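Summary of the model geometry
The residues making up each chain are set out below.
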Amino acid sequence: MFSISSKYAIKAVLYLALYSDEDHKIMAKDISKSINVPQAYLAKLLQELSRRNIISSTRGPKGGFYLSDADRNQSLIAIVDVIDGVDKLKTCLLSIKNCNEKRPCPLHGLMAPSRLVFLNGLENKTLGELSADIKAGRSYLPFA
């Protein structure tokens, strides 16, 4: 359901949620090693997230990427929206252009209820809540 870019961006931002703050910034190269994502690709994703105020960054010798307290209140859907756009999550599983409630594809009825729950979860779960779940052991990431 997520593109590779969105998956990489989510992993990187969760890494930042776990290990960064305004006093501890992390370089893209260090994140890329830890989450096993190509450095140049990840750097572009992080720069775009920073430009769109989803994460924070500072240039210079002590610079890098980090999450501020305000960043931690961002919802997960904000990342997906910047990288892929939310509309991608709402497209037909069979890629039928005019699939909708009035004219559903054969899979529409199976997916529509789950999609609503999923989108609602993405909109209501914050980065801070996700990192708290990881720290408490309620969810798992191999780099945590």
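Above this text you will find the structure in question.
My aim in this report is to walk through the structure given alongside it, one point at a time. Since the model is a prediction, treat every value here as computed from it, not as a measurement. (Residues numbered from 1 in each chain as written. Predicted model: local features only at pLDDT ≥ 70, side-chain atom pairs only at ≥ 80, totals over all residues. Heavy atoms only, no water.)

When helices and strands are tallied, the protein chain shows seven helices and two strands. Counting from the amino terminus, helix and strand elements in the protein chain follow one another as α-α-α-β-β-α-α-α-α. Along the first, second and third principal axes, the C-alpha set of the protein chain runs to 55 × 30 × 25 Å. By the burial criterion, 45% of the 144 residues in the protein chain qualify as buried. Considering only contacts in the protein chain between residues 6 or more positions apart, those separated by 24 or more positions represent 64%. Here the protein chain contributes 20 positive and 14 negative side-chain charges, whose respective centroids are spaced 7 Å apart. (Helix = DSSP H or I, 4+ residues; strand = E, 2+ residues; numbered from the N terminus. Buried < 20%, exposed > 50% of the residue type's maximum accessible area, 1.4 Å probe, protein only. Contact = heavy atoms within 4.5 Å. Lys, Arg positive; Asp, Glu negative; His and termini not counted. Charge placed at Lys NZ, Arg CZ, Asp CG, Glu CD.)

Most of helix 5 (residues 76-83) is tucked away, with seven of its eight residues classed as buried. What helix 5 keeps buried is the set Leu76, Ile77, Ala78, Ile79, Val80, Val82 and Ile83. Close packing links the buried residues of helix 5 with helix 1 (4-19), helix 3 (39-51), helix 6 (108-124) and helix 7 (127-135). Glycine 85 lies just past helix 5 and shows a positive phi near 90°.

In this model, asparagine 36 sits at a positive phi of 60°, which is unusual for a non-glycine residue. Mapped onto the secondary structure, asparagine 36 falls in the loop between helix 2 (28-35) and helix 3. Look at asparagine 36 and you get exposed, because its relative accessible area is 68%. Positive phi, normally seen in glycine, also occurs at serine 95, with a value near 60°. You can see serine 95 is positioned in the loop between helix 5 and helix 6.

It is the contact of helix 2 with helix 3, at a shortest axis distance of 9 Å, that shows an interaxial angle of 120°. One element, helix 2, and the other, helix 3, form an angle in the oblique class. For the pair helix 2 and helix 3, the crossing hand works out as right-handed. Between helix 2 and helix 3, the residues in contact are Ala28, Lys29, Ile31, Ser32 and Ile35 and Gln39, Leu42, Ala43 and Leu46, respectively. Class assignment of the residues belonging to the contact of helix 2 with helix 3 gives a composition of six nonpolar, two polar and one charged. (Axes fitted to C-alpha atoms, helices over the stretch in contact; angles between N-to-C directions. Parallel < 35°, antiparallel > 145°, perpendicular 65-115°, else oblique. Left-handed = near helix turned anticlockwise from the far one by under 90°. Nonpolar A, V, L, I, M, F, W, Y, C, P; charged D, E, K, R; others polar.)

With that out of the way, let us pick up helix 3. In this model helix 3 runs 18 Å from its N-terminal to its C-terminal C-alpha over 13 residues, within 8% of the 18 Å that 1.5 Å per residue would give. Buried residues belonging to helix 3 abut helix 1, helix 2, strand 1 (56-58), strand 2 (64-66) and helix 5. (Expected span 1.5 Å × (residues − 1).)

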